[in-house]
Amino acid sequence: MSFNIKEWIFTTDHKRVGVLYLIGSIAAFGVAGIAAMLMRIELSTLGPTITTNPTQYNVWLYAHGAVMILGFQIPALTGFFANYCIPLMIGAKDVAFPRVNALSVWLFYVGIILALLTFVVPDPPDVMWTGYPPYSTITTGNTALYSFTVLVLGFASIIGGVNFLTTVAYMRAPGLKWSNLNIFVWCTLGAFVLQLIFVPVLGTAVTLISFDKYLGTHFFDPSRGGDVLTYQNLFWFYSHPAVYVIFLPFIGVVYEIVATFAKNRVFNHKVVLWGGIGGIVILSGEVWVHHLYVSGMADWIRIGQMVTTLLISIPVGLLVISLAGTLYKGSITFETPMLYALGVLFLFLIGGLTGIPLALTSLTLHLSDTYYVVGHFHYVMAVAGTFAIFGGVYYWFPKITGRMYNERWGKIGFWLTFVGVNIVFWIMMTVGVKGMPRRYYDYSAFPQFESAHQWMTLGAAILGVGFLIAVANWIIGAMKGAPAGDNPWRSQSLEWTTVSPPPHGNWPSPPSVDPDWTPYSYERR
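Description of the structure in this document. (Residues numbered from 1 in each chain as written. Predicted model: local features only at pLDDT ≥ 70, side-chain atom pairs only at ≥ 80, totals over all residues. Heavy atoms only, no water.)

## A closer look at the overall build of the protein
The secondary structure content of the protein amounts to 17 helices and 0 strands. Taking 24 Å as the expected radius of gyration for a compact globule of 525 residues, we find that the protein reaches 23 Å, a close match to that expectation. Across the 525 residues of the protein, 59% fall into the buried class. Of the contacts formed within the protein by residues at least 6 apart in sequence, a portion of 83% connects residues at least 24 apart. (Helix = DSSP H or I, 4+ residues; strand = E, 2+ residues; numbered from the N terminus. Rg over C-alpha atoms; globule rule 2.2 N^0.38 Å. Buried < 20%, exposed > 50% of the residue type's maximum accessible area, 1.4 Å probe, protein only. Contact = heavy atoms within 4.5 Å.)

So, in structure tokens, the structure goes:
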């Protein structure tokens, strides 16, 4: 694609909109990563290390969590991958509402700018990504900036969801049946359904805390008849399904990579669609209360929610088992995208299994406010999702740029990152079990954990180098990489049947497929 800044600013081409999402989300990833490194350096010694102001630490904590989830993972998965891949995967020339699509990406950039104002305004938000009252209503930090940022990013995701649901419903290539859509398309549709249902709940919650702080209402003030637990229920009624808004597209990306590099059909395809993806969409809205086990509630609710929380492991388990089954008897090759995909499988397995104790009321009461939760969360969603995003960028890099990245540096970056994340988050779960509380600026009361914190800081530095190598590899590959050809991976999926990079309109004439065609038409083994 030639570069003309005016064409990029006013573009309605779904591919360019997708690339704009990628650039913005990677920039957000960099900001969130810097905030994480500042926290890890601060925690590398007992007492103050690089700041004597605990509020500054809270700002880094807020920036890391909010920007990583709302500015990087969700926009990368439902913005970049959805925009770039879905119209190509279904044989469409663009999305149903191109101008609305362009509006969504610029709203996303407005949200990113608002988030970056955290480092400029004199009263930066310090309410983490949760914004829990009563702290968010009494802090001198700028809670309104937090609320407005969430509302802008949420609105961008809603209009994106409406656009893609319409696109898939009405713009599929002739002959392409619903049951033969790519797993990634199905996963992303499921994520958008969740966004449309649950984002308004989050928008209501963050609006009400600003009303309480600035307009004098008392929705979450117990002394005036309000209830802080109402906010926590509203927040997690969105934020636990948000886990699946991230999980579904990233596991969809991994399915595309594994099927291609194993040259194998997706194992248990119908079970993946109806039992895995369908099961998650149906069940994801009934598991939020386990986030409130220690917040005060009737015992009978805890027991009921323990059962429903464990229930969600069934569709998730079906997706993971089918993914492993797709590898069975595959003709597997281990290029960089496949390494990241297998990395996701390993990291998600650890994260999933270590989540079971947190679903059990008797155990989570002891683990709830410790580093164990932070380590588990990062394994199951943060690093597993990030590995899927990086693997997906490597996978579709030849299609996007028409060039190849450097394979050797791709693998070096992967292994550094893989080693780094396991140093950080395995140690984090270990010290959590031993009693290290989370969200502490200074842990002088727990000096026995100082060496563990130093190891975690070292691991964070290693994984940071790995991620920098990956980003540098993409930039250099896009400028100087060898020509990739139209289908270097010999995939059967529709996006690889057009030239690389695809032209405006994607194909010279609209493609059509046979009724029996699937994107995984590899030889049976």
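Now that the structure has been shown, we can carry on.
## As for unusual backbone geometry
P133 connects to P134 through a cis peptide bond whose omega is 10°. Of note, P134 is situated in the loop between α4 (98–116) and α5 (135–138). With an omega of -10°, the peptide bond between S500 and P501 qualifies as cis. For R439, which is not glycine, the phi torsion reads 65° and is therefore positive. By the secondary structure assignment, R439 is in the loop between α16 (407–433) and α17 (450–480). With relative accessibility at 37%, the residue R439 sits in the partly exposed group.

## Let's talk about a nonpolar patch on the surface
On the surface, I113, L116, L117, F119 and V120 cluster together into a nonpolar patch covering about 450 Å² of accessible area. Structurally, I113 is set in helix α4. (Patch = residues over 30% accessible without salt bridge, like charges linked within 9 Å, V, L, I, M, F, W, Y side chains within 5 Å. Areas by Shrake-Rupley, 256 points an atom, 1.4 Å probe, with all protein chains shown as cover. Salt bridge = Lys/Arg side-chain N within 4 Å of Asp/Glu carboxyl O.)

## Notes on the packing of α16 against α17
Following both chains from N to C, one finds α16 and α17 inclined at 155°, their axes separated by 7 Å at the closest point. Here α16 lies roughly antiparallel to α17, going by the angle between them. Once α16 is placed against α17, the crossing between them reads as left-handed. Looking at the contact of α16 with α17 residue by residue, the class counts come to 18 nonpolar, 7 polar and no charged. (Axes fitted to C-alpha atoms, helices over the stretch in contact; angles between N-to-C directions. Parallel < 35°, antiparallel > 145°, perpendicular 65-115°, else oblique. Left-handed = near helix turned anticlockwise from the far one by under 90°. Nonpolar A, V, L, I, M, F, W, Y, C, P; charged D, E, K, R; others polar.)

## Structural notes on the packing of aromatic side chains
Applying the stated rule across the entire model yields 50 aromatic pairs. Considering the side-chain rings of F81 and W396, the 5.7 Å spacing of their centres and the 55° angle between planes classify their relative orientation as tilted. Taken as a pair, F81 in helix α3 (residues 54–89) and W396 in helix α15 (residues 371–401) lie far apart in primary sequence, 315 residues in all. Both residues of the pair, F81 and W396, belong to the buried class. With a centroid separation of 6.2 Å and an interplanar angle of 55°, the aromatic rings of F184 and W396 are classed as tilted. With F184 in helix α7 (residues 183–215) and W396 in helix α15, this residue pair connects regions lying 212 residues apart in the sequence. (Phe/Tyr/Trp six-rings, centres within 6.5 Å; stacked < 30°, edge-to-face > 60°.)

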